[in-house]
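Single-letter residue listing:
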Amino acid sequence: MKTILFGNGLNIQYGGFDHLNKNIVKRAMRKITSGDYPKEIYPEEILMHIKAMTSIVKDVVDGKYDQFALTKSEKSELEIFKILFIEFITM
């Protein structure tokens, strides 16, 4: 696996490297900060969520949040996330 796609369910129409997770997140942050998106659809709170999620990824991969995965499905998805993230950063 060479990319992890983090999207919001809307149609993303970019080619080349613009569809990579890093570029999607940077573009979203830039657009929200600049006001290019309607605030009622993309509130500034999204920036706080993106920053919070990216700040804990290492801890998630290190297992510090495993206790919060309660169902079999959540545990499975958490393990898949860890595997894909490790593959992604070791490319």
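Going along each chain's sequence as written, the residues are numbered from 1 onward. Where totals are concerned, whole chains, interfaces and linings use all residues; where local detail is concerned, this predicted model gives features only for residues with pLDDT of at least 70, and gives and counts side-chain atom pairs only at 80 or more. Side-chain measures here rest on the full set of heavy atoms in the structure, leaving out hydrogens and waters.

## What about the packing of helix H2 (residues 45-61) against helix H3 (residues 72-89)?
How two helices sit against one another is set out by the angle between their axes and by the gap between those axes. The angle between two axes is taken between their N-to-C directions and runs from 0 to 180 degrees, where each axis is a line fitted to C-alpha atoms and a helix contributes only its stretch in contact. Think of it this way: any DSSP run of H or I at least four residues long counts as a helix, any run of E at least two long counts as a strand, and we number them from the N terminus. The N-to-C vectors of H2 and H3 enclose an angle of 105°; their axes lie 10 Å apart at closest approach. Comparing the axis directions of H2 and H3 gives the class roughly perpendicular. Side by side, H2 and H3 meet where Val57, Val60 and Val61 of the first sit next to Leu78, Phe81, Lys82, Phe85 and Ile86 of the second. Partitioned by chemical class, the residues of the contact of H2 with H3 number seven nonpolar, no polar and one charged. Any angle between 65 and 115 degrees counts as roughly perpendicular, while under 35 counts as roughly parallel, over 145 as roughly antiparallel, and the rest as oblique. Contacts were defined at the residue level, with two residues in contact if any of their heavy atoms lie within 4.5 Å. Put simply, Ala, Val, Leu, Ile, Met, Phe, Trp, Tyr, Cys and Pro go in the nonpolar bin, Asp, Glu, Lys and Arg in the charged bin, and everything else, Gly too, in the polar bin.

## Description of the pattern of salt bridges
For this analysis, a salt bridge means a side-chain nitrogen from Lys or Arg found within 4 Å of a carboxyl oxygen belonging to Asp or Glu. Evaluation of the coordinates by the stated rule reveals four salt bridges. Its salt-bridge partner being Lys58, residue Asp62 comes within 2.9 Å of it at the nearest N-O pair. For Asp62, a relative accessible area of 46% puts it in the partly exposed group. Using a 1.4 Å probe on the protein chains alone, a residue whose accessible area is under 20% of its type maximum counts as buried, one over 50% counts as exposed, and one in between counts as partly exposed.

## Here's the deal with the side chain of Lys82
By the element assignment, Lys82 lies in helix H3. For Lys82, a relative accessible area of 9% puts it in the buried group. In this view, Lys82 contacts Val60, Val61, Gly63 and Asp66; residues no more than four positions away in its chain are not counted.

## With respect to helix H1 (residues 21-34)
A turn of α-helix holds 3.6 residues, and therefore any two residues three or four places apart point the same way. Here, expected helix span is obtained from the residue count minus one, scaled by 1.5 Å. For H1, spanning 14 residues, the distance from its first C-alpha to its last is 20 Å, which sits close to the expected 20 Å at 1.5 Å a residue. Buried within H1 we find Ile24, Val25, Arg27 and Ile32. The buried residues of H1 occupy an angular sector of 165° when projected down its axis, which confines them to one face. Exposed residues on H1 whose side chains face more than 90 degrees from its buried face are Lys22, Arg30 and Thr33. Here the buried face of H1 lies against H2. Immediately downstream of H1, the backbone of Gly35 shows phi near 85°, a positive value. To obtain the arc, one takes the directions from the helix axis to the C-beta atoms.

## Considering the packing of aromatic side chains
Each Phe, Tyr or Trp ring (for Trp, its six-membered ring) is paired with any other whose centre lies within 6.5 Å, and the angle between the two planes then decides the class: stacked below 30 degrees, edge-to-face above 60, tilted in between. In this structure the tally under the stated criterion is two aromatic pairs. Ring centres of Tyr65 and Phe68 lie 6.1 Å apart, and the angle between their planes is 40°; this geometry places the pair in the tilted category. Pairing Phe81 with Phe85 gives two aromatic rings, centres 6.2 Å apart and planes at 15°, and the pair type is stacked. With Phe81 and Phe85 both in helix H3, this residue pair falls four residues apart, about one helical turn.

## A short note on the confidence of the model for the protein chain
Note on scores: pLDDT gives the predictor's confidence for each residue, bounded by 0 and 100. Summing up the model confidence of the protein chain, the mean pLDDT is 79 and the portion of residues at 70 or higher is 77%. Per-element confidence in the protein chain ranges from a low mean pLDDT of 80 for H1 to a high of 87 for H3.

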